[in-house]
Amino acid sequence: MAGEKIRMVVPGLPPYKDAHFSIRNPKHRRYQRFVDLRNAAIAAMAGRAWYVGPVRFTLNIATSEMEHSLGDYAGGVADTLDGSHGLIFTYLPIVYQDDSQIVQMSVSHELSADPSYELVIDFLDTEAS
């Protein structure tokens with residue numbers, strides 16, 4: 001419901017937007033990152049249906065070095081939480097129906113020897129956005 005939020009802390013690095021080969025594809029070499037985030041989101045949603053209104057997305061990545069840009073990580077995370085399909089896969093939405101529902105986004109990086117990331121999704125009121 002509007003006004004609620006979910007928070008996830010996931011070990012490792014987040015999925016990233018790969019324009020050449022979708023990370024949603026089970027054959028992608030970093031596919032496990034996609035799976036790990038979807039599993040964390042399923043647990044955070046605790047049986048609730050995906051949200052259909054606007055959302056705020058706050059992502060903080062902790063790692064010693066960045067493999068990809070913050071924008072690539074933001075795109076990969078945003079894509080992971082909605083629904084999608086391809087020739088060999090179909091995924092239902094988990095947190096929101098489509099990443100176009102993200103109306104506010106904040107992405108940051110901090111140095112850490114142990115890679116992880118924190119993601120907070122705020123479910124916003126339709127009228128407030």
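Scoring rules and cut-offs
Residues numbered from 1 in each chain as written. Predicted model: local features only at pLDDT ≥ 70, side-chain atom pairs only at ≥ 80, totals over all residues. Heavy atoms only, no water. Phe/Tyr/Trp six-rings, centres within 6.5 Å; stacked < 30°, edge-to-face > 60°. Core = buried A, V, L, I, M, F, W, Y, C linked by side-chain atoms within 4.5 Å. Buried < 20%, exposed > 50% of the residue type's maximum accessible area, 1.4 Å probe, protein only. Helix = DSSP H or I, 4+ residues; strand = E, 2+ residues; numbered from the N terminus. Contact = heavy atoms within 4.5 Å. Pairing = 2+ DSSP bridges. Axes fitted to C-alpha atoms, helices over the stretch in contact; angles between N-to-C directions. Polar contact = N/O pair within 3.5 Å; in protein donor to acceptor, adjacent residues only side chain to side chain.

Trainee: What is the right way to look at the packing of aromatic side chains in this model?
Mentor: Any two aromatic rings considered together are summarised by their centre-to-centre distance and by the angle between their planes. In this structure the tally under the stated criterion is three aromatic pairs. Feature note: the residues Tyr31, Phe34 and Tyr91 constitute an aromatic cluster, connected by ring pairs.

Trainee: Sorry if this is basic, but what is going on with the nonpolar core here?
Mentor: Nonpolar side chains in soluble globular proteins generally cluster together in the buried interior. Counting 29 residues, the largest nonpolar core has Met8, Phe57, Leu81, Val95, Tyr96, Leu119 and Ile121 as the members making the most contacts within it. Among the elements of the structure, strand 1 (5-11), helix 1 (31-45), strand 2 (55-62), helix 2 (70-80) and strand 6 (116-123) are those that each provide at least two residues to this core. Here this core takes five residues from helix 1, the largest share from any one element. Apart from residues no more than four positions distant in its own chain, Leu119 is found in contact with Ile6, Arg7, Met8, Leu37, Phe57, Thr58, Leu59, Val77 and Leu81.

Trainee: Please clarify how the environment of Ile121 should be interpreted in this entry.
Mentor: Structurally, the position occupied by Ile121 is in strand 6. Judged by relative accessible area, Ile121 falls into the buried class, the value being 0%. The spacing of Ile121 and Val55 is 66 residues in sequence and 6.6 Å in space, taken between C-alpha atoms. Leave out the neighbours within four places in its chain, and Ile121 touches Glu4, Lys5, Ile6, Met8, Val55, Arg56, Phe57, Leu81, Val95 and Tyr96.

Trainee: Just to check I follow, could you spell out the sheet that holds strand 2 for this structure?
Mentor: Within a beta sheet, neighbouring strands are joined by backbone hydrogen bonds and run either parallel or antiparallel to one another. Taking strand neighbours across the sheet as the criterion, the four strands line up as 1-6-2-5 in an open arrangement whose pairing is mixed. The two strands at the open ends of the sheet, each matched to only one other strand, are strand 1 and strand 5 (102-110). Ignoring which end each strand starts from, the neighbouring axes of this sheet average 10 degrees apart. The strands touched by helix 1 are strand 1 and strand 6; relative to strand 1, the strand with the most contacts, the crossing angle is about 145 degrees. Against the sheet, helix 2 makes contact with strand 2, strand 5 and strand 6, and its axis sits at roughly 125 degrees relative to strand 2, the strand it touches most.

Trainee: Would you mind going over the side chain of Thr63 with me for this structure?
Mentor: One can find Thr63 in the loop between strand 2 and helix 2. For Thr63, the side chain forms a polar contact with the main-chain oxygen of Glu65, separated by 3.3 Å. Not counting residues up to four positions away in its chain, the partners in contact with Thr63 are Leu13, His109, Glu110, Leu111, Ser112 and Pro115.

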